[in-house]
Amino acid sequence: MNWKFWSLKKSLFVYHVNAGACNNCDIEILELLTPAYDVERFGIILVGSPRHADVLLVTGVCTRQVKKRLQELYLQTAKPCVVMCIGACALAQGIFAEAYHVGPCVDEVIREVDPNAIIAYVPGCPPKPEAMIMAVVKTWQKLDELAAAEPKPVAPALPEVAGA
Amino acid sequence: MRSVSKGVNGKRTLIPVGPFHPLQEEPEFFQLWVEGETVVDMDLRISYNHRGIEELSTRKTFDQVPYLVERVCGICSSTHPLAYIRAVETICGCEVPPRAKYQRTMVTELERIHSHLLWVGLAGHFLGYNTVFMWAWKYREPIMEILEKITGNRCAYANAKIGGVRRDIPNELFDDIVRAVDSCWGPTEMLTNAVLDDPVLHARLVDVATLTHEDAIRYCVTGPTARASGVPIDVRRDDPYDAFDLVDWDVITFPEGDVMAKAKVRLLETFEAIKIVKQAVRDCPNGETDAGVEEVPPGEAIGHVEAPRGETFHYVRSDGGRCPVRHKIRAPSYVNVPSFRASCIGQHVADVTIAMAAVDPCYSCTERMAVTKDSKTGNELMDAKELQELSVQRTRWFEKQLGIEPFDKRWGPKLQELLA
């Protein structure tokens, strides 16, 4: 587990899931990647497949149609995987809490398939790009704590080669 | 239009695109039937993003609904509330104070600038031309900042309310608005030249996914999609609201109907929007910003405004209570998306992505280095101007190789005429 946390936080590959958002959070996420904020400086890069992802960026209320697909996406990612709920809708459904086509909260949907999932919350409607960078920093710190709780990694002993 | 090939043994293959995929930002599920490389049929499944806003709106008070409909679409977040508010104002029969009208115009047009630049960037990204993506998004940043300064939020502005505006934009900030849009003009002009000039973009955009004039009318498309097919409709001119009949601007139309025409319409509309913002700032009178509407009488009305993507249409019915009893929304993409069947069928699979980009945004990108070492002098760093000159040199080289006339002869005078 320790090796996994240690390697996970080196360069975060993120996959963006729009689970029924209004695009506000989505354009702010794109804003992060373009010259104004440019998070690729920190090794954070968007990838095209959940199988390559360390982080799922979930925006929007989880609609009933999306629920099963979001769980499927989470199961496809390599574990450990951090789920970041971005925006008021992903946190607690925001203004859409009473609407008829809205499923459970995003964290409940993820916990249904993995009770030990690592979930980070970024509030705001939409969160400012600075807030999202702050969330990544805090996630990094949390991953450090998780890694420190585990025993230190020990490099496997190399076999002795005769005549070397 | 390219010819439809018969495919391999006339066999059809289904290519599912979505609902979660690397190209498009939102969950939509396209089914493309292809024969060989050619798309022969397509279908669209939606409802991944359906939240039930119309029903939810009947449980909110009249003053809460603008906050809700702002979240129909984050990129058109000033036009949806405005359409709703126009409908309610018609029911109330109230007159909006002139200062509020000008301020609403400013915010909607600033939004149009940032939305069109966003589209140009995403279109570039769809083509694998990430330089355009990075440039366009960099140049829209001052607009986002000024919107935050005058309304309090980068997206979802919440500036309009029934009978006026929620927060008055103080006169001291008007200079900042002019400075922000001025800083946008030069880069947008450079971007327009680069897009119209580039032989690679010409190869990817001209005569691709053409929506003919007849099809545009048959599918009832709106906004830049219609104007790029030679249908000169624009709510701002046809049914003027706010201050659009008090300022001087032009409706941009092109007859071609291909993706290049859509790009040209959007880029040139950005300049029109900058002109409108500057005139609105110049002419904005002092005075009240709120008509003080107390209650909404029974009645029904429609309100429509020109969103960056086309006509946004809201219908509201009131029974004299606290909440609307019926609220119907028709967003522009709802009518623009079905036109894919006219524009995409018969195209190559590779061209379908950019044909869809004409209405739909997407995400994901690759960052490029902005500073490089000059190979000749060894250690000198190159600035943006030198890099741009290098790009122009490359374009000239392409033009020579392909035997095309230089840009200045093809486009220069026409562009100057349009910008004048």
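Note that the structure is predicted; figures quoted are calculated from it, not measured.

### Remarks on the overall build of chain A
Reasoning step 1: The secondary structure content of chain A amounts to six helices and five strands.
Reasoning step 2: Written out in order from the N terminus, the α and β elements of chain A read α-β-α-β-β-α-β-α-α-β-α.
Reasoning step 3: Its C-alpha atoms give chain A principal-axis dimensions of roughly 75 × 35 × 30 Å.
Reasoning step 4: Across the 164 residues in chain A, those meeting the buried criterion constitute 52%.
Reasoning step 5: Intrachain contacts of chain A at a sequence separation of at least 6 include 83% that bridge at least 24 residues.
Reasoning step 6: When the accessible surface of chain A is summed, it comes to about 7600 Å², and 59% of that surface belongs to carbon and sulfur atoms.
Reasoning step 7: Positive and negative charge centroids in chain A, built from 15 and 17 side chains respectively, lie 4 Å apart.

### Examining the side chain of B:Arg266
Residue and element names in this part refer to chain B.
Reasoning step 1: Mapping Arg-266 onto the fold places it in helix H12 (residues 259-283).
Reasoning step 2: As a buried residue without a salt bridge, Arg-266 has its nearest oppositely charged side chain in Glu-269, at a separation of 6.5 Å.
Reasoning step 3: Contact partners of Arg-266, with chain neighbours within four places excluded, come to His-116, Trp-119, Pro-224, Thr-225 and Ala-358.

### Considering the packing of helix H2 (residues 24-33) of chain A against helix H6 (residues 129-149) of chain A
Residues and elements named next belong to chain A.
Reasoning step 1: Close contact between H2 and H6 brings their axes to 9 Å; oriented N to C, the two are set at 70°. By the angle between their axes, H2 is roughly perpendicular relative to H6. Here H2 contributes Cys-25, Glu-28, Ile-29, Glu-31 and Leu-32 to the contact with H6, which in turn contributes Pro-129, Met-132 and Ile-133.
Reasoning step 2: In terms of residue class, the contact of H2 with H6 is made up of six nonpolar, no polar and two charged.

### Some thoughts on the sheet that holds strand S3 (residues 38-45) of chain B
All names here are of chain B.
Reasoning step 1: Spatially, S1-S2-S3 is the arrangement adopted by the three strands of the open sheet, whose pairing is antiparallel. In this open sheet, the two edge strands, each paired with only one partner strand, are strand S1 (13-17) and S3. Taken pair by pair, the neighbouring strands of this sheet meet at an average axis angle of 20°, ignoring direction.
Reasoning step 2: Pairing geometry for strand S2 (residues 29-35) and S3, over seven bridges, is antiparallel. Of the residues in S3, the one forming a bridge with Leu-32 is Met-42.
Reasoning step 3: Helix-sheet contacts for helix H15 (residues 349-357) involve S1, S2 and S3, and the interaxial angle to S2 is about 150°.

### Remarks on the pairing of strand S6 (residues 299-307) of chain B
Residues and elements named next belong to chain B.
Reasoning step 1: Sheet topology places S6 next to strand S7 (residues 310-318); nine bridges connect them, and they run antiparallel. Bridge pairing in S7 places Ile-302 opposite Tyr-315.
Reasoning step 2: The turn linking S6 back onto S7 is made up of two residues.

### Things to note about the domain arrangement of chain B
Residues and elements named next belong to chain B.
Reasoning step 1: Here the domain parsing of chain B yields domain 1 (53-331) and domain 2 (384-419).
Reasoning step 2: Centre-to-centre, using C-alpha coordinates, domain 1 lies 31 Å away from domain 2.
Reasoning step 3: Counting residues at the interface gives 17 residues for domain 1, matched by 14 residues for domain 2.
Reasoning step 4: Interface of domain 1 and domain 2: buried area, both sides summed, is about 1400 Å²; carbon and sulfur atoms make up 67% of it.
Reasoning step 5: Broken down residue by residue, the surface that domain 1 buries against domain 2 is led by Leu-196, Asp-197 and Pro-199, which jointly contribute 36%.

### Topic: the packing of aromatic side chains
All names here are of chain B.
Reasoning step 1: In the structure shown here, the tally under the stated rule is six aromatic pairs over all chains.
Reasoning step 2: Three or more aromatic residues link up through ring pairs in this structure, and these residues are Tyr-241, Phe-244 and Trp-249.
Reasoning step 3: Taking NZ or CZ as reference, Arg-266 lies 4.4 Å from the ring centre of Trp-119, over its face.

### Here we look at H12(B)
Reasoning step 1: When the terminal C-alpha atoms of H12(B) are compared, their 36 Å separation across 25 residues agrees well with the 36 Å that a helix rising 1.5 Å per residue should span.
Reasoning step 2: Counting buried residues in H12(B) gives 22 out of 25 residues, a clear majority hidden from the surface.

### Topic: the sheet that holds strand S4 (residues 82-86) of chain A
Residue and element names in this part refer to chain A.
Reasoning step 1: Strands sit in the order S2-S1-S3-S4-S5 across an open sheet of five strands; the sheet is parallel. Every interior strand has two partners, whereas the edge strands, strand S2 (45-46) and strand S5 (118-122), have only one.
Reasoning step 2: The pairing of strand S3 (residues 55-59) with S4 spans five bridges and is parallel. Bridge pairing in S4 links Val-58 to Cys-85.
Reasoning step 3: Against the sheet, helix H5 (residues 106-113) touches S3, S4 and S5, its axis set at about 175° to S5.

Conventions adopted
Residues numbered from 1 in each chain as written. Chains lettered and ligands numbered in written order. Predicted model: local features only at pLDDT ≥ 70, side-chain atom pairs only at ≥ 80, totals over all residues. Heavy atoms only, no water. Helix = DSSP H or I, 4+ residues; strand = E, 2+ residues; numbered from the N terminus. Buried < 20%, exposed > 50% of the residue type's maximum accessible area, 1.4 Å probe, protein only. Contact = heavy atoms within 4.5 Å. Areas by Shrake-Rupley, 256 points an atom, 1.4 Å probe, with all protein chains shown as cover. Lys, Arg positive; Asp, Glu negative; His and termini not counted. Charge placed at Lys NZ, Arg CZ, Asp CG, Glu CD. Salt bridge = Lys/Arg side-chain N within 4 Å of Asp/Glu carboxyl O. Axes fitted to C-alpha atoms, helices over the stretch in contact; angles between N-to-C directions. Parallel < 35°, antiparallel > 145°, perpendicular 65-115°, else oblique. Nonpolar A, V, L, I, M, F, W, Y, C, P; charged D, E, K, R; others polar. Pairing = 2+ DSSP bridges. Domains from an automatic or database assignment. Buried area = accessible area lost by both parts, 1.4 Å probe. Phe/Tyr/Trp six-rings, centres within 6.5 Å; stacked < 30°, edge-to-face > 60°. Lys NZ or Arg CZ within 6 Å of the ring centre and 35° of its normal. Expected span 1.5 Å × (residues − 1).

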